[in-house]
Amino acid sequence: MLYAQKYGYKAEQLERGLEGYAAHLFAQEDGFDAILEGQDTNQVDLREFICRRKDLGVDVVLEDLIHKRMILVQAAWRSKQSPEEDKVASFFDAPSRLVSHDYTATGDEQIQDLLANLSEKIDEGYEILIRFVTNVSVAENARLQELTEAKNRAYEEADQAITCELYGGSDLVKKDNELRSATRGGFVDRVAFHVQAGKTIELTSPFKTIIAVVKGNELADLYLRKNVGSRLFNLNIRLPLTSLKVNPKMVETAVSSTEGKNFFYYNNGVSAVCSKYTLEDNTIQAERFQIINGAQTVSALAKARRKTANSDVYVVFRLTETSESYGGEFTENVIRYNNTQNPVKASDFFSNDDIQLWLRDSLPTLSGKGPLPAFYYVHKSGYKPKGATGRGLRIDQLAGIRHAFLYGPVVSYREPAQFFDRSGKYWEAFGAHGHPASSWTTEELARTGAALAIHHRIQAIGKSLKTDPKTKDKPEAKYLYRLARYVTGLVGAGLEAVREDTFNDYSTLIASAATFEKYVDPVAKEARSILRLEWRNLQDKKLGVQPEYNLARDEKIWVRLSDSVQESVVSSDVTF
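Below, the structure is looked at part by part. (Residues numbered from 1 in each chain as written. Predicted model: local features only at pLDDT ≥ 70, side-chain atom pairs only at ≥ 80, totals over all residues. Heavy atoms only, no water.)

Here we look at the side chain of Ser562
As a reminder, the rule being used: The helix and strand labels rest on DSSP assignments: H or I over at least four residues marks a helix, E over at least two residues marks a strand, and numbering proceeds from the N terminus. Any two residues whose heavy atoms approach within 4.5 Å at even a single point are treated as in contact.
Considering the arrangement of structural elements, one finds Ser562 in helix α26 (residues 555–570). Residue contacts for Ser562: discarding those within four places in its chain leaves Leu490 and Ala493.

Next up, the structure:
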């Protein structure tokens, strides 16, 4: 198996391969994909997240620092039979053991680092996803499915944000397809549910839509069906949902014998899209069904349903047929505008902004010019212009690189979701001087081009260090590629300190590779030297399994290092 060999095992060591496959699959999910640094999952080495010895029964640990989530994986390869029930149950109970310091102390240093402060993280509201993965089919194994549901009910009743998930071979394929799809939706292939007779309105154009009154129990039962749950929700709005975050007042209203009848008036309702639906005898059947607004409502109704079946609860429900199996521009806009009260921060939802359309057309004018590699701008998922060459530069990558160059890299490592929040750092990443803009000046475009070229150069050096036998074991080889954005920020600070006395403007800087190298290379060399010294000084401190990211998120360290770079380049330490 490919992933067994990738990590030094024989191809026939199938369980090792399954562990690697699961790590690379789940690392593509929003939030967890930060560790991929914009690369394809197959190109990244994830061995530091794949536990091999004394792993306390956990094969993979991934963390989403933005949405405060962790994935714990155990993989079991079987020739024919499903995994043993007690093995699955034991893994689903793992959190109760893993929060014990005495227990984790028996594990290898790697697993201890990956699970450091787990108890505190759970108290802070982290969602823990416990995923048992196997190659055989488990969909028809009633005992394992019932076990999974029972464990989830127990965690929910205990108000713990812990979700148990069982993945068989077909489930893994489905997950892979979902993550490869443009809109990452349409997870539930076909559903059927009832609406209230005489309480529907249907539109036939321009998009077939039905607006209906639905019993709360219908939506709750839909959610509680086997293999459904949060798969009902478009992935973008699924992220913030945990059992702890379901609005308790909503649940309280839904179970109330006196207030239940008012749920209809208090609630905004639920909206969904599908590729096709039919209405017959008050029954809707829909294909490629996904809820795009109202995930909190449905989750609350499901939680209330487990307590009591209140027949007085009704909800306004809207379903739109988009004829798009995995979304498209219309579906994206429906999702985007249905979530304006609780903004979905997925970068795709900004793709139609004037500035993004301008960048789509303007950034490629820099492609392959001077020090810049050939590239094209991916302002929305799946976009590639006809005839484009080079590598795609995603909207989130541009945000991180440009913001690091202009304002420092800390936000890009600590809170990158801020770049897709208009009340956050969106306009610092894409605007002009931090303000809304529909275009940039020629000089601002050139300055962004300089940032991209510097980042590309640092990443190339980082790759070279990791692959060259002479340097692959040096400390810098372990962190430079991942800290390319950080070094880009340091170089940006240094260049600004000398710009007026040297190259004067960024249009001049990127006009030729020779000019770029003359001024950038000495500053980059100094920035790397200062960072190496800082790295050595930090080795005595325990910074966890990803020390480079902990360094990159420290504002005080950034200020100190950027000041050092600026002081060095304006002194005689750096010559051009």
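Re the nonpolar core
For clarity, the threshold we go by: Grouping buried Ala, Val, Leu, Ile, Met, Phe, Trp, Tyr and Cys residues that are joined through side-chain atoms within 4.5 Å yields what is termed a nonpolar core. Buried means the residue's accessible area, taken with a 1.4 Å probe over protein chains only, is under 20% of the maximum for its type, while exposed means over 50%, and partly exposed covers the values in between.
Within the largest apolar cluster, 68 residues are counted, with the highest numbers of intra-cluster contacts made by Leu363, Phe430, Tyr486, Val491, Leu495 and Leu509. Tallying contributions element by element places helix α24 (residues 513–538) first for this core, with ten residues. Residues within four places of Leu495 in sequence aside, it is in contact with Phe405, Ile454, Phe503, Tyr506, Leu509, Tyr519, Val520 and Val523. In this structure, Leu56, Phe92, Ile128 and Leu147 belong to the second largest nonpolar core, which totals 54 residues.

Examining the packing of helix α20 (residues 442–467) against helix α22 (residues 484–498)
Just so we agree on the cut-off: All axes here are fitted lines through C-alpha atoms, helices being fitted over the stretch that makes contact, and every angle between N-to-C directions spans 0 to 180 degrees. Orientation categories follow fixed angle ranges, with anything under 35 degrees roughly parallel, anything over 145 roughly antiparallel, 65 to 115 roughly perpendicular, and all other angles oblique. It is the rotation of the near helix from the far one that decides the hand of a crossing: anticlockwise by less than a right angle makes it left-handed, clockwise makes it right-handed.
Put simply, α20 and α22 touch, their axes get as near as 9 Å, and they point 130 degrees apart. Taken together, the axes of α20 and α22 lie oblique to each other. As α20 runs across α22, the sense of the crossing is right-handed. Contact residues: α20 offers Arg447, Ala451, Ile454, His455, Ile458 and Gln459, while α22 offers Ala484, Arg485, Val487, Thr488, Val491, Leu495 and Glu496.

Considering helix α12 (residues 248–255)
Note the threshold: In this description, the arc belongs to the directions extending from the helix axis to the C-beta atoms.
Of the positions making up α12, those classed as buried are Met250, Val251, Thr253 and Ala254. Along α12, the residues classed as buried sweep out an arc of 160 degrees about the axis, all on the same side. Those residues of α12 that are exposed and aimed more than 90 degrees away from the buried face are Pro248 and Lys249. Against the buried residues of α12 lie α13 (263–266) and α14 (295–307).

Thoughts on the sheet that holds strand β1 (residues 60–64)
Rules: At least two DSSP bridges between two strands are needed for those strands to be called paired.
With mixed pairing, four strands are arranged side by side in an open sheet as β1-β2-β3-β4. Whereas interior strands pair on both sides, the edge strands pair on one side only; in this sheet they are β1 and β4 (162–167). When the angles between neighbouring strand axes are averaged without regard to direction, this sheet yields 15 degrees. Pairing between β1 and strand β2 (residues 69–76): five bridges, direction antiparallel. Residue pairing in the sheet places Val61 in a bridge with Leu72 of β2. Seen against the sheet, helix α2 (residues 14–26) touches β1, β2, β3 (127–134) and β4 and runs at an angle of roughly 155 degrees to β2.

Re unusual backbone geometry
The omega torsion of the bond from Ser205 to Pro206 falls at 0 degrees, within 30 degrees of zero and hence cis. Structurally, Pro206 is set in the loop between β6 (200–203) and β7 (209–215). Phi is positive for Leu56, which is not a glycine, with a value near 60 degrees. Topologically, Leu56 is positioned in the loop between α2 and β1. A relative accessible area of 12% places Leu56 in the buried class.

Focus: the pattern of salt bridges
Worth spelling out the cut-off: Salt bridges are defined by distance alone: a side-chain nitrogen of Lys or Arg within 4 Å of a carboxyl oxygen of Asp or Glu.
Under the criterion given, the structure shown has 32 salt bridges. Between Asp396 and Arg394 there is a salt bridge; the shortest N-O distance is 2.7 Å. Among the residues examined, Asp396 registers a relative accessible area of 30% and is labelled partly exposed. Among the charged side chains, a network of salt bridges with common partners joins Glu29, Arg131, Glu165 and Lys175.

Some details on α26
Using the following cut-off: How far a helix is expected to stretch is found by multiplying one less than its residue total by 1.5 Å. Here a polar contact is recorded for every N or O atom pair within 3.5 Å, except that within protein the pair must consist of a potential hydrogen donor and a potential acceptor, and residues adjacent in sequence are included only if both atoms are side-chain atoms.
When the terminal C-alpha atoms of α26 are compared, their 23 Å separation across 16 residues agrees well with the 22 Å that a helix rising 1.5 Å per residue should span. All of the buried residues in α26 are Ile557, Trp558, Leu561, Ser562, Val565, Ser568 and Val569. The arc enclosing the buried residues of α26, seen along the axis, measures out at 125 degrees, which places them on a common side. Turned more than 90 degrees off the buried face of α26, the exposed positions are Lys556, Glu567 and Val570. Where α26 is buried, its residues contact α17 (395–407), α18 (410–414), α22, α24 and α25 (547–552). For α26, the N-terminal capping position is held by Asp554, with its side-chain oxygen 3.0 Å away from the main-chain nitrogen of Lys556.

Regarding the side chain of Asp55
Quick note on the threshold: Charge counting treats Lys and Arg as positive and Asp and Glu as negative, with His and both chain ends excluded.
On the secondary structure map, Asp55 appears in the loop between α2 and β1. Although buried, Asp55 forms no salt bridge, and the nearest oppositely charged side chain, Arg16, lies 5.6 Å from it. Side-chain polar atoms of Asp55 contact the backbone nitrogen of Gly57, separated by 2.9 Å.

Brief notes about the packing of aromatic side chains
This is how the line gets drawn: Stacked, tilted and edge-to-face are the three classes applied to pairs of Phe, Tyr and Trp rings, where Trp contributes its six-membered ring and a pair requires centres within 6.5 Å; stacked means planes under 30 degrees apart, edge-to-face means over 60, and tilted covers the rest. In this scheme, the term charge over a ring applies when either NZ of a lysine or CZ of an arginine sits within 6 Å of the ring centre and within 35 degrees of the ring normal.
Summed over the entire model, instances satisfying the criterion amount to 17 aromatic pairs. Taken together, a centroid distance of 5.2 Å and an interplanar angle of 80 degrees make the contact between Phe193 and Phe317 edge-to-face. Pair noted here: Phe193 is in strand β5 (residues 188–194) and Phe317 is in strand β11 (residues 314–321), with a separation of 124 residues, a long-range link. Assigned by exposure class, Phe193 and Phe317 land together as buried. One aromatic cluster in this structure is built from Phe350, Phe420, Tyr426, Trp427 and Phe430. Sitting over the face of the ring of Tyr277, Lys208 holds its NZ or CZ atom 4.5 Å from the ring centroid.

Remarks on the environment of Thr134
Position of Thr134 among the secondary structure elements: in strand β3. Thr134 sits in the buried class, given a relative accessible area of 0%. Expressed as a C-alpha distance, the spacing of Thr134 and Ala22, which sit 112 residues apart in the sequence, is 9.5 Å. With residues near it in sequence (within four places) discarded, Thr134 still touches Leu18, Ala76, Arg78, Pro83, Tyr167, Gly168, Gly169 and Leu172. A distance of 2.7 Å separates a polar side-chain atom of Thr134 from the backbone oxygen of Ala76.

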